[in-house]
Amino acid sequence: MKFALVSWSKGKDKDALSIIPVNWIVDFDPENSKKEYLIECRSIGGRRPTNGWLVEPAHILQLADIPSLLVAVKTLVSDKITESSSYEGESEYVASVAQPSPAQLASPKPASVQLGNDDSTRVSAHCWETAKAQPTAKGMARTLLLGLFSVDVLLKSNLTGGVNKVNPSAERRQPLDPKKLKALL
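Here we summarise the structure given alongside this text. (Residues numbered from 1 in each chain as written. Predicted model: local features only at pLDDT ≥ 70, side-chain atom pairs only at ≥ 80, totals over all residues. Heavy atoms only, no water.)

Quick look at the layout of surface pockets now. Taken as a whole, the largest pocket encloses approximately 880 Å³ of empty space. What lines the largest pocket is a set of 31 residues, among which Ile66, Leu154, Leu155, Ser157 and Arg173 lie closest to the centre. Among the elements of the structure, strand 4 (55–64), helix 1 (67–85), helix 5 (137–148), helix 6 (151–156), strand 7 (157–158) and helix 7 (178–184) are those that each provide at least two residues to the lining of the largest pocket. (1 Å grid on protein atoms, 1.4 Å probe; cavity = no way out; pocket = protein on both sides within 12 Å on 5 of 7 lines; lining within 4 Å. Points joined across faces, edges and corners; volume = space filled by probe spheres on them. Helix = DSSP H or I, 4+ residues; strand = E, 2+ residues; numbered from the N terminus.)

We now examine the packing of helix 4 (residues 125–132) against helix 5. What describes two packed helices is the angle between their axes and the distance between those same axes. Viewed as axis vectors pointing N to C, helix 4 and helix 5 meet at an angle of 165°, and their least axial separation amounts to 8 Å. Compared by their axis directions, helix 4 and helix 5 come out roughly antiparallel. Read as a crossing pair, helix 4 and helix 5 show a hand that is right-handed. Taking contact as the criterion, the partners of Cys127, Trp128, Thr130, Ala131 and Lys132 in helix 4 are, on helix 5, Met140, Thr143, Leu144 and Gly147. For the contact of helix 4 with helix 5, the class distribution of residues is 5 nonpolar, 3 polar and 1 charged. (Axes fitted to C-alpha atoms, helices over the stretch in contact; angles between N-to-C directions. Parallel < 35°, antiparallel > 145°, perpendicular 65-115°, else oblique. Left-handed = near helix turned anticlockwise from the far one by under 90°. Contact = heavy atoms within 4.5 Å. Nonpolar A, V, L, I, M, F, W, Y, C, P; charged D, E, K, R; others polar.)

Honestly, that's just the spatial picture; any functional story needs more than this.
What follows is the structure, encoded as structure tokens:
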């Protein structure tokens, strides 16, 4: 089953992100995931109402077979939205209060953070801070994976590479870079 990361277009959840099964998307066309779709607002395990599920419009941001991967993407997207929206439309007073102090200017934060003992394996400082803020080690690892590998690489790879055990006729998976994985561990 495929899942989708969606951004709601209207209503009380406007601009909020959700992860939903693709079968909740009304008349979904995988070849045209850029258009706005109506999404059935189902409840897990709930019964379908007599009049059908309530539908709300949303845009599809990402598709994946693995919901946990979308959770990590959702976290990063939410952080990026929060980070960028905090600078747009602020008043001059708020912007002036947000200026760094001389002490902060003296010790700027690095643009990237080294992982492991190899100086060539690095993630952005934002990715590192997001990873440290995760409540579990699993969440931290997922965030760092997204900092080390692109979503495309993660979708086409697995830990050791090889044949898909569920569907042997599926495309062969590529192994993730062992140097980066060692640094992550």
